[in-house]
Amino acid sequence: MAAPVPQIMKQGRVIPWFYLAPALIVMSFFIVYPFFNTIYLSFMDRNGQLPASTTCRANQPCWGMFENYRHALLDEINLTSPGAAWRTFWTSSFGNMIKWIALMVSGTVIMGLTFAVLAERVRYEALAKAIIFLPMAISFVGAGVIWRFVYNYNTGGAQIGLLNAIRTALGMQPIAWLQTIPINTVMLIIVGIWMWSGFCMTILAAALRNVPEEIIEAARVDGANEFQVFFQIMVPIILPTITVVITTMVINTLKLFDIVYVMTGGNFGTDVIAVRMYREMYINYNTGVGTAVSVVLILLITPFIFLNIRRFLAQEATR
Amino acid sequence: MNLPKLNRLLRRIPLHLVVLALTLIWIIPTIGLLVTSFRPVEDINTSGWWTVFSRETKTSTAYDQWCSSCHGEGQDVAGVDLSDPAVVSELNSALRLLAFMRRGHPDISQNGQMPTSQEAADIAATLQGLTGEEESARFTLDNYIDALVGYRGLQTYTSDCADGTPPSGFTCNFLRDLGNRRGMGRAFVNSLLVTIPATILPILFAGFAAYAFAWMDFRGRQVMFAILVALQVVPLQMTLVPIFRIYSQLGLNGTFLGVWLFHTGFGMPYAIYLMRNFLGGLPRDLFESAYLDGASHWTAFVRLAMPLAMPAIASLAIFQFLWVWNDLLVALVFLGSSNPVVTYQISNMVTSLGAGWQLQTAAAFISMILPLIVFFAFQRYFVRGMLAGAVKG
C-alpha cells in the first residue's frame, strides 16, 4: 500500500518511535483505552463497581450480564402491546435515529448536489457557495439559537418567529414547532441539513470539476439535454464520491448531539442516542446504562469503519 | 442586444431564481439573528425582526391588539387618561403592569398577580410607545453590553448604572464587570484559552507522527495507519465516561489542561491522516537528495517537511480551531461551570436560565464572530482541508 520509503532513508529501529511516541501516547490514553473501558463498564452497575446482573430485581425481566443493554435498548419502548411498542419506538432515540439518517443524509446530499451543479453556472458562484457553506463555521449552539428563533411560538400576540409569522400572515394557526410530535424531529433535521449541506456541496463540487469536459460536450453534441447529462453522465461518474459523502454523513448523523441537546434537550419525543447517553451519564449518573448506550452506538458505526478502511486501502492502491 | 443573446438570458432566469432563492433561504435565519441582536428588548418581543425593514411603526398593530377594546377603534391613545382606573381595568395586562410598577401601593397591588420581568418590560414599552411618552430607538448596543457582562436584570446594564443603582454583583466599572462569571466576555477569553493550545498541540504531535508514517520505515507501519483511519470514526461520546473517571482521580476535571489534552488526543487521528497524506505526496527526490547531502531525519523534518507542509498545517489549524471553539460536549463535561466557554454559556442561557432573546441573540453572535472571521479569511484552506479527508465530528 503506502509508498515505500527510499532505501537511502532507512534508519535505526528506535528512531521512528520517538517521532510516533507523543501521538501514540495521547491516542492510546484518550481513544483506545476509553474504548475498551467503556465496553467493560457497560457490563457493570451504575458506579462501575459490581456486575450488571446484580442490579436485576426479582420478578422483573432480566438479561443477566447484559442487563444494561436491556435498559439501553428497551427502556424507551412500551412493551405492553405490539401497537404501543411500534408507536413508542418511533419516538425513541433509535426510532428518531432512523428518521435522522433517512432525512438528513438524503437532504444534505440532494441539497449539496443541487447546489454544486447550479452554482457553477452563475457568475456569483463564490458568494453563493460561501453563504451555503457559512453554517459550517457556526457552532451547533449558535445554530440552535438561530433556529429556535425561527421556530419561535407565542401563545398570544404577535408571532416573532419567522415561520409562524408566515403562517399567521397566510391565515393559518401558528404551530409550536419544537413541541409537536412528530413534526419537531423534522424541524431539528432541517437545522442539520442547513448546517451540513455546505460540506456535501464542497466535496461534490470538487468531484464534478473532475468530470472530463469532453464527455459532457460529446453527450451534448449527441443531443442529450441538461437533465440527461446530469443523471446519466455526471452522477455515475461521481458515484464513488457520493458514496463517500453518504458514509461520512451517516457517521456524523449517528454521533449527533448538540442540535438536539440545545433545541429540545431530547424532550417531546426528539431524543437521539448521543443525547440519551449524556443524560444517563450526567443526569441520571448511571455509568452502566450510559456506556451500554454508547456501545450500541459504536456497534451501529462499526460497518462504516470498515467501509472507511476499505476505501482507504483502495485509495492507497492507486497512489 | 441581439436575439440569441436575449434568448439565452431569458432561459437562464429560472436558474438564477433557484440559486438566489436557495441562497436567501440559507442566509435569512442568520440575518434574523443579527438584526434581532441589535433591537431593544421590548421591540424583540412585540414584533418580528423583519418589521425593521418596513416603514410601518409597531404602534398601530400594538394599539389594535391591546387598546381597541378599551378606547374604541381608531381613537388616539394620547388623549386617554391612563390613570383612570375604569380605563385601566379594561386592560388586564396594564393593571398588572401598574401593580408591578407601583409595588407596595395598597389599592392596586391587592389585585395580586405580578407580571414577569419580561412582561413588565414589554407592557411598559408598549404603553410608553403608545402614549408618545418615549420614542425608543430602533437599534441598540445594550444587548451586547448585557450579554458581555452577563447582566440579567429588568432594565439594561447601562441604564441601571446610569441610575446609580448598580445591579447586584456588578461594580459598573465595565472592564471589571467583563470578568463576571455569567458573562460572555469572560467566556470569550476562556474559549481562547482553551482553543489556542488545543489547536497547537495536536498539530505539533501529528507533525512528528505524520513524518514517521510518510518517510520512515518501521514494523507495523501499514497496520497502524489502517487502525488510525478506523480511530477517526470512534464517537467522542464513547470516550467521555472513562476519561471523566480518570480525570476525577487526577483532579483534572474543570481544568484547562484536561481539555487541552482531550482535544489533542481526539484530534490526533484526523490530523495525522491529513498531514501524512500531504507529506507522502511531496516529491520523493527532495527527501532523497536531502538525505544524500547528509541531512538527518531531524533536519529533513524541521527544515524540509514542516515548511513545505504549511498549507496542510493551515487547513488543519483552521479545522481544529473551529472544532474546539464550537465544541459543546467536551466543554460541558470537562469544564462545566468552573471555566465556562462561549458555547457552554449560551447553552445555559437557552436551556436552564431562560435568558431573553435579546441576550441569546447577542451572545450567539459574539460566539460566531471569531469563527466567521477565520472562515472568511481562510476559506481556501478550509475547503482544501475538507477535500483532503472526511471531516471528523
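Residues numbered from 1 in each chain as written. Chains lettered and ligands numbered in written order. Predicted model: local features only at pLDDT ≥ 70, side-chain atom pairs only at ≥ 80, totals over all residues.

**Thoughts on the overall build of chain B**
At step 1: The helix and strand tally for chain B stands at 23 helices and zero strands.
At step 2: Taking all 393 residues of chain B together, 45% fall into the buried category. (Helix = DSSP H or I, 4+ residues; strand = E, 2+ residues; numbered from the N terminus. Buried ≥ 20, exposed ≤ 12 C-beta atoms within 10 Å, placed from the backbone.)

**Observations regarding the overall build of chain A**
At step 1: A tally of regular secondary structure across chain A gives 14 helices and zero strands.
At step 2: Traced from its N-terminal end to its C-terminal end, chain A shows the element sequence α-α-α-α-α-α-α-α-α-α-α-α-α-α.
At step 3: Taking the principal axes of the C-alpha coordinates as reference, chain A spans close to 80 × 75 × 35 Å.
At step 4: Counting across all 319 residues of chain A, residues that qualify as buried make up 40%.

**Side note on the interface of chain A and chain B**
At step 1: At the junction of the two partners, chain A supplies 84 residues and chain B supplies 89 residues.
At step 2: With 17 residues, helix 1 (residues 15-41) of chain A is the single largest residue contributor to the side of chain A that touches chain B.
At step 3: Of the residues that constitute the side of chain A that touches chain B, the class distribution is 62 nonpolar, 17 polar and five charged. (Contact = placed C-beta atoms within 7 Å. Nonpolar A, V, L, I, M, F, W, Y, C, P; charged D, E, K, R; others polar.)

**Description of helix 5 (residues 125-133) of chain A**
At step 1: Among all positions of helix 5 of chain A, only A:Ala128, A:Lys129, A:Ile132 and A:Phe133 are buried. Down the axis of helix 5 of chain A, the smallest arc covering the buried residues is 135°, so these residues share one side. The outward face of helix 5 of chain A, more than 90 degrees from its buried face, is lined by the exposed residues A:Ala126 and A:Leu127.
At step 2: Next to the buried residues of helix 5 of chain A lie helix 4 (93-119) and helix 8 (183-209) of chain A together with helix 2 (13-37) of chain B. (Arc of directions from axis to C-beta.)

**Describing the confidence of the model for chain B**
Residue and element names in this part refer to chain B.
At step 1: Chain-level statistics for chain B give a pLDDT mean of 77 and a share of 76% at 70 or above.
At step 2: Taking the mean pLDDT of every element in chain B, the minimum, 41, falls on helix 8 (residues 106-109) and the maximum, 92, on helix 13 (residues 184-215).
At step 3: Overall, residues 56-60 carries pLDDT values under 50, and its contacts beyond four positions in sequence, including any with other chains, amount to five contacts.
At step 4: In this model, residues 102-112 is a region of pLDDT below 50 whose contacts with residues beyond four sequence positions or in other chains number nine contacts.
At step 5: Quick note on the complex model: pTM equals 0.81, ipTM equals 0.84. (pLDDT = per-residue confidence, 0-100.)

**Some remarks on unusual backbone geometry**
Residue and element names in this part refer to chain A.
At step 1: Here the residue pair Ile181 and Pro182 is connected by a cis peptide bond, since its omega of 0° sits within 30 degrees of zero.
At step 2: Note that Pro182 resides in the loop between helix 7 (162-169) and helix 8.
At step 3: Located in the positive-phi region is Phe268, a residue other than glycine, with phi close to 55°.
At step 4: Looking at where Phe268 falls in the secondary structure, it is placed in the loop between helix 12 (258-263) and helix 13 (273-282).

**Let's talk about helix 14 (residues 221-231) of chain B**
At step 1: For helix 14 of chain B, the full list of buried residues reads B:Leu228, B:Val229 and B:Leu231. End-on, the buried residues of helix 14 of chain B take up no more than an arc of 160°, which puts them together on one face.

**Considering the nonpolar core**
At step 1: Judged by nonpolar contacts, the single largest core of 178 residues is most densely connected at A:Ala23, A:Leu204, B:Ala206, B:Ala209, B:Tyr211, B:Ile272 and B:Met275.
At step 2: When residues of this core are assigned to their parent elements, the largest contribution, 17 residues, is made by helix 13 of chain B.
At step 3: Once residues within four sequence positions are removed from consideration, B:Ala209 is found in contact with A:Tyr19, A:Leu20, A:Ala23 and B:Ile272. (Core = buried A, V, L, I, M, F, W, Y, C linked by C-beta atoms within 7 Å.)

**Regarding the packing of helix 1 of chain A against helix 15 (residues 236-250) of chain B**
At step 1: As a packed pair, helix 1 of chain A and helix 15 of chain B sit with axes 8 Å apart at the nearest point and diverge in direction by 85°. Taken together, helix 1 of chain A and helix 15 of chain B sit at an angle that is classed as roughly perpendicular. Seen from helix 1 of chain A, the contacting residues are A:Phe30, A:Ile31, A:Tyr33, A:Pro34, A:Phe35, A:Asn37, A:Thr38 and A:Leu41; seen from helix 15 of chain B, they are B:Met238, B:Thr239, B:Val241, B:Pro242 and B:Ile243.
At step 2: The residue makeup of the contact of helix 1 of chain A with helix 15 of chain B, split by class, is 10 nonpolar, three polar and no charged. (Axes fitted to C-alpha atoms, helices over the stretch in contact; angles between N-to-C directions. Parallel < 35°, antiparallel > 145°, perpendicular 65-115°, else oblique.)

**Thoughts on the domain arrangement of chain B**
At step 1: As assigned here, chain B comprises domain 1 (3-37), domain 2 (41-139), domain 3 (140-178) and domain 4 (184-388).
At step 2: For domain 1 of chain B and domain 3 of chain B, the distance between their C-alpha centroids amounts to 41 Å. (Domains from an automatic or database assignment.)

**Quick look at the environment of B:Ile203**
At step 1: Locating B:Ile203 in the fold gives a position in helix 13.
At step 2: Expressed as a C-alpha distance, the spacing of B:Ile203 and B:Ala162, which sit 41 residues apart in the sequence, is 48 Å.

**Here we look at the environment of B:Gly153**
Residues and elements named next belong to chain B.
At step 1: In this fold, Gly153 is placed in the loop between helix 10 (142-149) and helix 11 (157-162).
At step 2: As for Gly153 and Gly207, which are separated by 54 residues in sequence, their C-alpha atoms are 49 Å apart.
At step 3: Non-local contacts of Gly153, meaning those with residues more than four positions away in its chain, are made with Asp160 and Pro167.

**Remarks on the environment of B:Phe266**
At step 1: You can see B:Phe266 is positioned in helix 16 (residues 256-280).
At step 2: For B:Phe266, a count of 28 C-beta atoms within 10 Å corresponds to the buried category.
At step 3: On a C-alpha basis, the gap between B:Phe266 and B:Val234 in space is 9.2 Å, while along the polypeptide they are 32 residues apart.
At step 4: Not counting chain neighbours up to four residues away, the residues in contact with B:Phe266 comprise A:Phe30, A:Ile31 and B:Leu236.

**Overview of the packing of helix 8 of chain A against helix 11 (residues 239-254) of chain A**
In a pair of packed helices, the angle between the axes and the distance between the axes together describe the arrangement.
Residues and elements named next belong to chain A.
At step 1: Viewed as axis vectors pointing N to C, helix 8 and helix 11 meet at an angle of 160°, and their least axial separation amounts to 10 Å. Judged on the interaxial angle alone, helix 11 and helix 8 are roughly antiparallel. The two elements helix 8 and helix 11 meet at a crossing, and its hand is right-handed. Here Trp196, Cys200, Ile203, Leu204 and Ala207 of helix 8 come into contact with helix 11, specifically with Thr241, Val245, Met249 and Asn252.
At step 2: When the residues that make up the contact of helix 8 with helix 11 are grouped by side-chain class, the tally is seven nonpolar, two polar and no charged. (Left-handed = near helix turned anticlockwise from the far one by under 90°.)

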